[in-house]
Amino acid sequence: MRRPILAANWKMNKTVAEAEAFVRAFLPLVADASGVEVVIAPPFTALQALGRELSGSHVALAAQDVSAEDPGAFTGEVAAGMLSELGCRYGIVGHSERRARHGESDELVAAKAAALLNHGIRPIVCVGETLEHREAERTFAVVGSQIQESLAKIPRERAGDLVVAYEPIWAIGTGRTATPEMAQEVHAMIRERLRDQFGAAGEEIRIQYGGSVKPDNAAALMAQRDVDGALVGGASLDPQSFSRIVRFDEAGGGRP
Ligand code: PGA
């Protein structure tokens, strides 16, 4: 049984004060949400403050990115060891905004995921196709190859620490969500690849869906067999809205 994992990706939003105010409003709203794992990824600047706010709670702290390098002369970068010191338990790597805007390759994403694991941080590895890929019926080819290349450095015995996020790029921030069936189709393909690569451990790896997840579509997405969580951007910025996504189960729909 895979434990659902709902993660907030705040991207470049919220000052430290705003991040703290969010957490103070949010924690009481999800106090009794057991059986799911909740993760918040604020900007780097708010990690330390949120690490303090979240300590002792059941909400885990995550970074939105990490350097693949060990500490050294890398201006503007942040090393995995620095993130674990702040209490990060998860780290997002390979988000499409970084792949597209910063030219991050699968190889770099693989190195970042490995750097996180080396410091005891669980990677959330993002994959997803563009609208162009989908229209050319290349979704499986593109996502399948991202999976293979981006996870190339994850040892089999660490597979249980891995989270994969499938985020169709055409659905991110557009209000256009994949239907639950479209999501499941790709998640099932990803599951098959994970089984090929990691054997039985591939069954345990959680696969999140991301791309315009909202309180009113979360339950239907989560009801799909291979949808084990959500990576939420826009709708995670408001405590009420994200708490309703965390409590998707109460909206009906349930898990198979
Ligand atoms: P969105 O972003 O929920 O705003 O579409 C999701 C993501 O990019 O992780």
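Thresholds, definitions, all that
Residues numbered from 1 in each chain as written. Predicted model: local features only at pLDDT ≥ 70, side-chain atom pairs only at ≥ 80, totals over all residues. Heavy atoms only, no water. Helix = DSSP H or I, 4+ residues; strand = E, 2+ residues; numbered from the N terminus. Rg over C-alpha atoms; globule rule 2.2 N^0.38 Å. Buried < 20%, exposed > 50% of the residue type's maximum accessible area, 1.4 Å probe, protein only. Contact = heavy atoms within 4.5 Å. Areas by Shrake-Rupley, 256 points an atom, 1.4 Å probe, with all protein chains shown as cover. Lys, Arg positive; Asp, Glu negative; His and termini not counted. Charge placed at Lys NZ, Arg CZ, Asp CG, Glu CD. pLDDT = per-residue confidence, 0-100. Near = heavy atom within 4 Å. Polar contact = N/O pair within 3.5 Å; in protein donor to acceptor, adjacent residues only side chain to side chain. Nonpolar A, V, L, I, M, F, W, Y, C, P; charged D, E, K, R; others polar. Phe/Tyr/Trp six-rings, centres within 6.5 Å; stacked < 30°, edge-to-face > 60°. Lys NZ or Arg CZ within 6 Å of the ring centre and 35° of its normal. Axes fitted to C-alpha atoms, helices over the stretch in contact; angles between N-to-C directions. Left-handed = near helix turned anticlockwise from the far one by under 90°. Salt bridge = Lys/Arg side-chain N within 4 Å of Asp/Glu carboxyl O. Core = buried A, V, L, I, M, F, W, Y, C linked by side-chain atoms within 4.5 Å. Parallel < 35°, antiparallel > 145°, perpendicular 65-115°, else oblique.

So, on to the overall build of the protein chain. When helices and strands are tallied, the protein chain shows 10 helices and eight strands. Here the C-alpha radius of gyration of the protein chain, 17 Å, is about what a compact globule of 256 residues would show, namely 18 Å. Each of the 256 residues in the protein chain was classed as buried or not, and the buried ones make up 54%. Long-range contacts, defined here as pairs at least 24 residues apart, represent 74% of the contacts in the protein chain between residues at least 6 apart. Split by element, the accessible area of the protein chain, about 11,300 Å² in all, is 49% carbon and sulfur. If you average the places of the 27 positive and of the 34 negative side-chain charges in the protein chain, the two averages end up 2 Å apart.

Before going further, it helps to examine the confidence of the model for the protein chain. The predicted model of the protein chain has a mean per-residue pLDDT of 96, with 98% of residues at 70 or higher. This stretch, residues 252-256, has a pLDDT under 50; its non-local contacts, to residues over four places away or in other chains, come to 16 contacts.

To continue, consider the environment of Val142. With respect to the helices and strands, the residue Val142 is situated in helix 7 (residues 139-150). Non-local contacts of Val142, meaning those with residues more than four positions away in its chain, are made with Glu129 and His133.

Within the structure, the ligand sits among 13 residues, and Lys11, His95, Glu167, Gly173 and Ser212 are positioned closest to it. Glu167 places a side-chain nitrogen or oxygen 2.6 Å from an oxygen atom of the ligand. Take Gly233: an N or O atom from its main chain is 2.8 Å from an oxygen atom of the ligand. Split into classes, the residues belonging to the shell around the ligand amount to four nonpolar, seven polar and two charged.

By convention here, two paired aromatic rings are described through the distance between centres and the angle between planes. Summed over all chains, the structure comprises four aromatic pairs. Measuring from centroid to centroid gives 4.7 Å for Trp10 and Phe22, while their planes differ by 70 degrees, and the two rings are edge-to-face. Here Phe22 lies in helix 1 (residues 16-29) and Trp10 lies in the loop between strand 1 (5-9) and helix 1, a separation of 12 residues in the sequence. Note on accessibility: Trp10 and Phe22 belong to one class, buried. Looking at Lys14, its charged tip hangs above the ring of Trp10, at a distance of 5.2 Å from the centre.

Turning our attention to the packing of helix 1 against helix 10 (residues 239-246). Pairs of packed helices are described in terms of their axes, by the angle between the two and the distance that separates them. Viewed as axis vectors pointing N to C, helix 1 and helix 10 meet at an angle of 35 degrees, and their least axial separation amounts to 9 Å. As for how helix 1 packs across helix 10, the hand of that crossing is right-handed. For the pair helix 1 and helix 10, the contacting residues are Phe22, Ala25, Phe26 and Leu29 in the first and Pro239, Gln240, Phe242, Ser243 and Val246 in the second. Tallied by class, the residues present in the contact of helix 1 with helix 10 amount to seven nonpolar, two polar and no charged.

It helps to recall that an α-helix has 3.6 residues per turn; residues three or four apart then point in one direction. Those residues of helix 2 (residues 47-54) not exposed but buried are Leu47, Ala49, Leu50, Gly51 and Leu54. Buried residues along helix 2 sit in contact with helix 1, strand 2 (37-41), strand 3 (59-63), helix 3 (80-85) and strand 4 (88-93).

Moving on, we get to the pattern of salt bridges. Applying the stated criterion across every chain yields a total of 19 salt bridges. Close ionic contact of Arg2 with Glu203 constitutes a salt bridge, the shortest N to O distance being 3.5 Å. Note that Arg2 is positioned in the segment before strand 1 and Glu203 in the loop between helix 8 (180-198) and strand 7 (206-210), a separation of 201 residues in sequence. The salt bridge involving Arg98 is made with Glu104; its shortest N-O contact spans 2.8 Å.

A few words now on the environment of Thr45. Positionally, Thr45 belongs in the loop between strand 2 and helix 2. Along the chain, Thr45 and Val16 lie 29 residues apart, while their C-alpha atoms are 6.9 Å from each other.

This part is about the nonpolar core. Among soluble globular proteins, nonpolar side chains are generally buried collectively. Core analysis: the largest hydrophobic core is formed by 65 residues, its most contacted members being Val164, Ile190 and Phe242. Considering each element in turn, this core owes the most residues, six residues, to helix 8. What Ile190 contacts, discounting residues up to four positions off in sequence, is Val127, Val143, Ile147, Val164, Tyr166 and Ile207.

This part takes up the packing of helix 1 against helix 2. Two elements in contact, helix 1 and helix 2, have axes separated by 9 Å at closest approach and are oriented at 20 degrees. It follows that helix 1 is roughly parallel to helix 2 by the angle criterion. In this structure, helix 1 meets helix 2 at a crossing whose hand is right-handed. The segment helix 1 lies against helix 2, with Val16, Ala19, Glu20, Val23, Arg24 and Leu27 engaging Ala49, Leu50, Glu53 and Leu54. When its residues are assigned to classes, the contact of helix 1 with helix 2 shows seven nonpolar, no polar and three charged.

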